[in-house]
Amino acid sequence: MPLPQLDRILEIVPGESIRAIKCLSLSEDYLQDHFPRFPVMPGVLMLEALYQASSWLVLATHDFDIPNVVLREARNVKYQDFVAPGRQLLVEASIFKTNGSLITLKTQGSMEGHTAVSGRLILERVAAEQVSGAMEAVVPRTRAALRQQYSLLLSGHTNTQQTT
């Protein structure tokens, strides 16, 4: 995964839903360029946070068997508020529909009960052999690295149901 846009997974129920949090700090590198006089989290990174939470849900649901989860489509994405430094973005995703390797999720990012971003994401689980023949050798290491990162995001939380 690219730059992590989640600080912690608060709750996950594999096959159903996830709640995670992003604490926006003024020390984020991108805030130096993204409106220096009015620093806010870029919309594309808000969408990335939704995608990353959704990816963790899909990975946990399928016990990390296929570690390649890609965003195929983002639908009806609506931005309704800015996320400024010092604020926390609560990211929630729930599985709406599964059709083979495609998973449709309802997602939302909110602050203090007010929606900042929402949309439906369509993710696809892509088997290594579909990406390239050389990828198959990397899958076990990728799966192990993802499980380790997932464990770190979950650490310290007892209200989670996890499958690792």
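Going by the structure above, here's the rest.
Note that the structure is predicted; figures quoted are calculated from it, not measured.

A. Fine view of the overall build of the protein. Within the protein, the secondary structure is distributed over 3 helices and 6 strands. Along the protein, from the amino end to the carboxyl end, the secondary structure elements read β-β-α-β-β-β-β-α-α. For the protein, with 164 residues in total, the buried portion stands at 41%. Partitioning the intrachain contacts of the protein with sequence separation of at least 6 by distance along the chain shows that 65% fall at a separation of at least 24. For the protein, the accessible area works out to roughly 8,700 Å², and carbon and sulfur atoms hold 50% of it.

B. Main features of the packing of helix α1 (residues 43–61) against helix α3 (residues 139–154). Where α1 contacts α3, the two axes come as close as 12 Å, and the packing angle between them is 115°. The chirality of how α1 crosses α3 is left-handed. Contacts from W56, L59 and A60 in α1 reach L146, Q149, Y150 and L153 in α3. Residues of the contact of α1 with α3, tallied by class, amount to 6 nonpolar, 1 polar and no charged.

C. Region of interest: the nonpolar core. Counting residues in each nonpolar core, the largest one holds 38 residues, and the members touching the most others are I9, I12, I18, M41, W56, V83 and Y150. Counting residues per element, the ones that place at least two in this core are β1 (8–13), β2 (17–23), α1, β4 (88–99), β5 (102–111), β6 (114–125) and α3. At 12 residues, α1 tops the list of elements feeding residues into this core.

D. Geometry of the pattern of salt bridges. Tallied over the full model, the rule gives 8 salt bridges. A salt bridge links D63 to R147; the shortest N-O distance between them is 3.4 Å. Of this pair, D63 sits in the loop between α1 and β3 (69–79) while R147 sits in helix α3; the two residues are 84 residues apart in sequence, bridging distant segments of the chain. D63 sits in the partly exposed class, given a relative accessible area of 37%. R147 sits in the partly exposed class, given a relative accessible area of 28%.

E. Summary view of the pairing of β6. Burial within β6 is extensive, with 9 of its 12 residues counted as buried. For β3 and β6, the ladder comprises 8 bridges, and the chain directions are antiparallel. Each residue of the ladder has a partner; that of E73, found in β6, is I122. The sheet contact formed by β5 and β6 spans 10 bridges and is antiparallel. Across the sheet, residue K106 finds its bridge partner in β6, namely R120. Between β5 and β6, which follow one another and run antiparallel, lie 2 residues, and E112 among them has a positive phi close to 50°.

Conventions adopted
Residues numbered from 1 in each chain as written. Predicted model: local features only at pLDDT ≥ 70, side-chain atom pairs only at ≥ 80, totals over all residues. Heavy atoms only, no water. Helix = DSSP H or I, 4+ residues; strand = E, 2+ residues; numbered from the N terminus. Buried < 20%, exposed > 50% of the residue type's maximum accessible area, 1.4 Å probe, protein only. Contact = heavy atoms within 4.5 Å. Areas by Shrake-Rupley, 256 points an atom, 1.4 Å probe, with all protein chains shown as cover. Axes fitted to C-alpha atoms, helices over the stretch in contact; angles between N-to-C directions. Left-handed = near helix turned anticlockwise from the far one by under 90°. Nonpolar A, V, L, I, M, F, W, Y, C, P; charged D, E, K, R; others polar. Core = buried A, V, L, I, M, F, W, Y, C linked by side-chain atoms within 4.5 Å. Salt bridge = Lys/Arg side-chain N within 4 Å of Asp/Glu carboxyl O. Pairing = 2+ DSSP bridges.

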